[in-house]
Amino acid sequence: MGKSLHARLVAYRPFGARIGVLAEPVSFSASMLHDDDGAISIEYSMLSGAAQAFDRELTDGLEVAVEVSDGTGYREPDNARFVITGRSGKTDDRTRTVTYSGQSISWLLSKAENNDSSHLLTDGDNKGKRPFYSANPGTILKTLLDENKARGGVATGLTLGFDTAKDAGGAAWARKYTLYYSLGTDLQTILSSLVNGGGCDWRTSGRTLKMWNADSTALSRDLSKQVILRLARDIGEAPYEESISDLASTILVEGDNNSAFSHGQSGCSDALGQVGIL
């Protein structure tokens, strides 16, 4: 008999201890994205017995984790920790149902900025910018996060799963950059630019930010021999599409000095005759 996937919500104090399971939400949806922020939406009745977790101002902070189980115990997957940032409802709703919205905990990086003016260049084409010379992604992010933490910023509640020498998988950083950042540039923007530049991939695990070399094998496990999905057993329906519009049984290649040759393969489309392509 196949296993079923179950999910539940767990509340945490901001950067603090576990509050408990948020039992019986009216509904919820969550996205967990690779190299990007996800989001969560929770409909919850304040008449529920576990509603005390939501009995606070938004500015008091609340974290919500999505935990999943296949019947062998619940665990929190990567990118499944969220910070509640909004709520909405109706004052005349007798069920007192409130919709809470939240962002991935990585969203906090947008609230951490390059604010240390002591490192800005005083002359040259990049005057007024913060330089990083021949620095790997780990050095850039850790330096800026450590500075934010020293200022009492959002980084005080985050831990790092990498360092200036190695990525989260223990591999040495493969790429180095010379980059210049304007004062006030947020760390989410900086991290996105490193991803787009092919320098790293990232995800969160609880409150831990993890970074790897781009396309690390630690993030690209081949489970094709272990995970086999069969139609009608594991998959109820699936799309399909076929086309022979680009089919060719004979190819003609022309080169310099009027040279040319052709190559054919029988059996490609006997019903249509020989189909050529230049």
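Report follows, based on the coordinates. Predicted model, so just to flag it, every value in this text is computed and none were measured.

### Regarding the pattern of salt bridges
Item 1. Following the criterion strictly, the structure yields 8 salt bridges and no others.
Item 2. Taking the shortest distance from any N to any O, the salt bridge between Glu 147 and Arg 130 comes out at 2.7 Å. Note that Glu 147 is positioned in helix α1 (residues 137–150) and Arg 130 in strand β8 (residues 129–135), a separation of 17 residues in sequence. A single burial state applies to Glu 147 and to Arg 130, both of which are buried.

### Quick look at the environment of Arg 130
Item 1. Looking at Arg 130, the relative accessible area reads 4%, which means it is buried.
Item 2. Each C-alpha atom of the pair Arg 130 and Asn 114 lies 8.2 Å from the other, and the pair is 16 residues apart in sequence.
Item 3. Excluding anything up to four places from it in sequence, Arg 130 contacts Asn 114, Asp 116, His 119, Leu 120, Thr 143, Leu 144, Glu 147, Leu 179, Tyr 180 and Tyr 181.
Item 4. Separated by 3.3 Å, the side chains of Arg 130 and Asn 114 make a polar contact.

### A word on the nonpolar core
Item 1. Grouped together as the largest cluster of nonpolar side chains are 27 residues, with contacts concentrated most on Ile 140, Leu 141, Leu 194 and Met 211.
Item 2. Elements with a minimum of two residues in this core: β8, α1, β10 (177–182), α2 (187–196), β11 (200–205) and β12 (208–213).
Item 3. The greatest single-element share of this core, amounting to 5 residues, is contributed by α2.
Item 4. Beyond its immediate stretch of four places on either side in the chain, Ile 140 contacts Phe 132, Ala 135, Leu 179, Tyr 181, Ile 190 and Leu 194.
Item 5. Judged by nonpolar contacts, the second largest core, of 20 residues, contains Ala 11, Ala 53, Val 98 and Tyr 100.

### Looking at the pairing of strand β14 (residues 260–264)
Item 1. With 0 of its 5 residues buried, β14 lies for the most part at the surface.
Item 2. Relative to β14, strand β13 (residues 250–254) runs antiparallel, the two sharing 5 bridges. The residue of β14 that forms the bridge with Thr 250 is Gly 264.
Item 3. Following β13, the chain reverses through 5 residues before pairing antiparallel with β14; Asn 257 in that reversal takes a positive phi of roughly 55°.

### As for the packing of aromatic side chains
Item 1. All chains considered together, the criterion is met by 5 aromatic pairs.
Item 2. Between Tyr 44 and Phe 54, the aromatic rings sit 5.2 Å apart at their centres with planes inclined by 55°, giving tilted as the arrangement. Here the residue Tyr 44 occupies a position in strand β4 (residues 39–45), and Phe 54 occupies one in the loop between β4 and β5 (63–69), the gap between them amounting to 10 residues. Just as Tyr 44 is buried, Phe 54 falls in that class too.
Item 3. Judged by centre distance (6.2 Å) and plane angle (85°), the rings of Tyr 133 and Tyr 180 are edge-to-face. Of this pair, Tyr 133 sits in strand β8 while Tyr 180 sits in strand β10; the two residues are 47 residues apart in sequence, bridging distant segments of the chain.
Item 4. Taken together, the ring pairs in this structure connect Tyr 44, Phe 54 and Tyr 100 into an aromatic cluster.
Item 5. The ring of Tyr 74 has Arg 8 sitting right over it, with the charged end atom 4.1 Å from the ring centre.

Definitions and limits used
Here, residues in each chain are numbered from 1, in the same order as that chain's written sequence. Restriction of local features to residues with pLDDT of at least 70 applies here, the model being predicted, together with a cutoff of 80 or more for giving and counting side-chain atom pairs; totals for whole chains, interfaces and linings are based on all residues. Water and hydrogen atoms were dropped before computing side-chain values, which therefore reflect all heavy atoms in the structure. The rule for a salt bridge is simple: a side-chain nitrogen of Lys or Arg has to be within 4 Å of a carboxyl oxygen of Asp or Glu. Here a helix means four or more residues in a row that DSSP labels H or I, a strand means two or more in a row labelled E, and each is numbered from the N terminus. Think of it in three bands: with a 1.4 Å probe and only protein chains considered, a residue is buried below 20% of the maximum accessible area for its type, exposed above 50%, and partly exposed in between. A contact between two residues is defined here by any heavy atoms of the two lying within 4.5 Å. Residues adjacent in sequence count toward polar contacts only when both atoms are side-chain atoms; beyond that, a polar contact is any pair of N or O atoms within 3.5 Å, and within protein one must be able to donate a hydrogen and the other to accept it. Only buried residues count toward a nonpolar core, which is a set of Ala, Val, Leu, Ile, Met, Phe, Trp, Tyr and Cys residues joined through side-chain atoms within 4.5 Å. Two strands are counted as paired when DSSP detects at least two bridges linking them. To pair, rings of Phe, Tyr and Trp, with the six-membered ring standing in for Trp, must have centres within 6.5 Å; the planes then decide the type, stacked if under 30 degrees apart, edge-to-face if over 60, and tilted in the middle. By definition here, charges over rings are those cases where NZ of Lys or CZ of Arg is within 6 Å of the ring centre and within 35 degrees of the ring normal.

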